[in-house]
Amino acid sequence: QVQLEESGGGLVQAGGSLTLSCAVSGRTFSMGWFRQAPGKEREFVAAFRWADGIAYYADSVKGRFAISGDNAKNTVYLQMNSLKPEDTAMYYCAAGPRDYRLERTNAFDYWGQGTQVTVSS
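Fair warning: this is a prediction, and the values are worked out from it, not measured in the lab.

Focus: unusual backbone geometry
Consideration 1: The backbone of Ser 82 sits at a positive phi, close to 50 degrees, despite the residue not being glycine.
Consideration 2: Note on placement: Ser 82 falls in the loop between β8 (75–80) and β9 (89–96).
Consideration 3: Phi at Arg 101 takes a positive value of approximately 50 degrees, unusual for a residue other than glycine.
Consideration 4: Checked against the element boundaries, Arg 101 lands in the loop between β9 and β10 (110–111).

Quick look at the pairing of β9
Consideration 1: For β9, the tally of buried residues reaches seven of eight residues, placing the bulk of the element in the interior.
Consideration 2: Note: strand β4 (residues 30–36) against β9, seven bridges, orientation antiparallel. Residue Gly 32 lies in a different strand from β9, and its bridge partner there is Ala 94.
Consideration 3: Where β9 lies against strand β11 (residues 115–120), three bridges are found, and the strand directions are antiparallel. Paired with Met 90 across the strands is Gln 116, a residue of β11.
Consideration 4: Bridging between β9 and β10 involves two bridges; their strand directions are antiparallel.

Digging into the nonpolar core
Consideration 1: In terms of nonpolar packing, the biggest core is built from 35 residues, with Met 31, Trp 33, Leu 78, Met 80 and Tyr 91 touching the most fellow members.
Consideration 2: Elements with a minimum of two residues in this core: β3 (18–24), β4, β5 (43–49), β7 (65–70), β8, β9 and β11.

Observations regarding the packing of aromatic side chains
Consideration 1: Applying the stated criterion across every chain yields a total of five aromatic pairs.
Consideration 2: The interplanar angle of 75 degrees and the centroid separation of 6.4 Å between the aromatic rings of Phe 108 and Trp 111 together place this pair among those described as edge-to-face.
Consideration 3: Here the aromatic cluster, defined as three or more aromatic residues joined through ring pairs, consists of Phe 34, Phe 44, Phe 108 and Trp 111.
Consideration 4: Its end group placed over the ring of Tyr 92, Arg 42 keeps NZ or CZ at 3.7 Å from the ring centre.
Consideration 5: Geometry around Trp 111 places Arg 42 over its ring, the cationic atom sitting 5.0 Å from the centre.

Definitions and cut-offs
- Within every chain, residues take consecutive numbers counted from 1 along the sequence as written.
- Note on the predicted model: pLDDT of at least 70 is required for a residue's local features to be given, and 80 or more for side-chain atom pairs to be given and counted; whole-chain, interface and lining totals, by contrast, use all residues.
- Note: side-chain values were computed over all heavy atoms of the structure, leaving out hydrogens and water.
- Strands are runs of DSSP state E lasting at least two residues, helices are runs of H or I lasting at least four, and both sets are numbered from the N terminus onward.
- For every residue, the accessible area (1.4 Å probe, protein chains only) is compared with the maximum for its type, and the residue is labelled buried under 20%, exposed over 50%, or partly exposed between those bounds.
- In this analysis, strands are considered paired if DSSP registers two or more bridges between them.
- Remark: nonpolar core denotes a set of buried residues (Ala, Val, Leu, Ile, Met, Phe, Trp, Tyr, Cys) joined through side-chain atoms within 4.5 Å.
- Side-chain rings of Phe, Tyr and Trp, where Trp is taken by its six-membered ring, are said to pair if the distance between their centres is within 6.5 Å; with planes under 30 degrees apart they count as stacked, over 60 as edge-to-face, and otherwise as tilted.
- Throughout this description, the term charge over a ring refers to an Arg CZ or Lys NZ atom that lies within 6 Å of the ring centre and within 35 degrees of the ring normal.

This is how it looks when you write it as structure tokens:
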């Protein structure tokens with residue numbers, strides 16, 4: 001059983017930065033970050049493949065966010081820069097054995113509890 005634990009959320013002003021961390025108890029092939037704002041569906045943010053380090057991003061965060069992994073620490077990070085109020089959401093870390101269609105929630109089998117990110121204008 002894979003367990004995930006997110007940290008690093010908080011309140012930040014627009015234009016600021018935050019780094020989210022996700023500690024993984026076991027090894028999986030891919031990792032992802034998704035977010036969900038109140039009243040909206042959970043949406044893809046970024047994904048990362050451990051084997052080759054290839055990363056994928058939603059268009060809305062491309063150029064502002066960066067996903068990376070530390071094999072030694074079994075931890076995945078989401079560096080978020082130039083934050084906007086519309087980035088406000090609960091952010092969820094996900095892990096799974098697949099390497100395709102990582103923009104979809106059903107590509108991942110394991111989910112963290114989420115960490116809140118609030119961006120004030």
